Amino acid sequence: MNQKEVLEFDGFRVERESFLGGDCYGVVTSCKKDEKGVSYHLEVEFDISTAKFHFSKCYVHEVVPCQELSAGGKLKVMAYLIVKAASAYVTEKAAAQKMSLEKLKVLYREDEVVMGEVLASEKADGLTIEESFFLYILAQNWANGDEFSWACGGVEEEWVSLVEEARKMKI
C-alpha cells in the first residue's frame, strides 16, 4: 500500500486492503484497545453487489459488529472504500482477457477432464454469443476431432462445415 494513501479515521489507521474478488473490497485497520484494555482491530467491507458496508470489531476469538465509529469516521472510510472498489473493479475487468482457443488448450492440458467439461466450467468473457458458439466448435474439433455441419438449403441440400466457418472467424 502506498504510504501517501494511508487512511486514518477515529484513531484507526488502514494497515491492509484487498479486493476480495467479484463483489467485495475491504480494509483492516491497526489495533486499538477497548474500554476493558482488550486489543481489537476493525474490518470494513464494501459489498459492491448490494452497495452495503459491514463494520466489524475483531478480537482474537470473537468478531462483533462495530457501533462506536463517529459519523465522520464512517463517511471517511466509506468514501475511501468506494473509490478503491471502483478502481479495483475497473482494473480487474480491464485485465480480464478475451477467452480464446489458446487459453482453452492450456486449461485442457492442465486438467484431467474432457474438453466438454473445460468448456462447461469456463466463461466466454469478452465474446459475443456467435463467437462463443464457434469457439466451442473449434475447441471440440481440436481436442476430439469432432466435426460440426449445417444442412442448409431446400431441395438441393448443401452441407456447410461449421469448423471451417469457425476458422474463418479468427477467434
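Structure's up top.
(A) Inspection of the pairing of strand β3 (residues 24-33) at higher detail. Counted residue by residue, β3 has seven buried out of ten residues, so it is predominantly covered. Of the strand pairs in this sheet, strand β2 (residues 12-19) and β3 are connected by five bridges, and their pairing is antiparallel. In the strand pairing of β3, F19 is matched with Y25. Bridge analysis of β3 against strand β4 (residues 39-47) gives eight bridges, and the strand direction is antiparallel. Pairing of K33 across the sheet is with S39, part of β4. Counted along the chain from β3 to the antiparallel partner β4, the turn is five residues long, and its residue G37 has a positive phi close to 85 degrees.

(B) Spotlight on the nonpolar core. Formed by 20 residues in total, the largest nonpolar core has its most connected members in F9, V27, L42, F55, L69, V77 and L81. Secondary-structure elements contributing two or more residues to this core are β2, β3, β4, β5 (52-58) and α1 (71-95). Among the elements that take part in this core, α1 stands out by supplying five residues, more than any other. Excluding residues within four positions of it along the chain, V77 makes contact with L7, F9, V27, V44 and F55. Listed in part, the 15 residues of the second largest apolar core include L101, M115, L119 and L135.

(C) A negative patch on the surface, seen in detail. Where like charges cluster on the molecular surface, the negative patch consists of E110, D111, E112 and E117. By the element assignment, E110 lies in helix α2 (residues 101-110).

(D) Structural context of the packing of aromatic side chains. Across all of its chains, the model carries seven aromatic pairs by this definition. Each ring, one from F133 and one from F134, has its centre 5.2 Å from the other, and the planes form 70 degrees; the classification is edge-to-face. Taken together, the ring pairs in this structure connect F9, F12, Y40 and Y59 into an aromatic cluster. Of note, K57 hangs over the ring of Y40, and the distance from its end group to the ring centre comes to 4.7 Å. Lying across the ring of F55, K74 places its NZ or CZ 5.4 Å from the centre.

How each quantity is defined
- Residues numbered from 1 in each chain as written.
- Predicted model: local features only at pLDDT ≥ 70, side-chain atom pairs only at ≥ 80, totals over all residues.
- Heavy atoms only, no water.
- Buried < 20%, exposed > 50% of the residue type's maximum accessible area, 1.4 Å probe, protein only.
- Helix = DSSP H or I, 4+ residues; strand = E, 2+ residues; numbered from the N terminus.
- Pairing = 2+ DSSP bridges.
- Core = buried A, V, L, I, M, F, W, Y, C linked by side-chain atoms within 4.5 Å.
- Contact = heavy atoms within 4.5 Å.
- Patch = residues over 30% accessible without salt bridge, like charges linked within 9 Å, V, L, I, M, F, W, Y side chains within 5 Å.
- Areas by Shrake-Rupley, 256 points an atom, 1.4 Å probe, with all protein chains shown as cover.
- Salt bridge = Lys/Arg side-chain N within 4 Å of Asp/Glu carboxyl O.
- Lys, Arg positive; Asp, Glu negative; His and termini not counted.
- Charge placed at Lys NZ, Arg CZ, Asp CG, Glu CD.
- Phe/Tyr/Trp six-rings, centres within 6.5 Å; stacked < 30°, edge-to-face > 60°.
- Lys NZ or Arg CZ within 6 Å of the ring centre and 35° of its normal.

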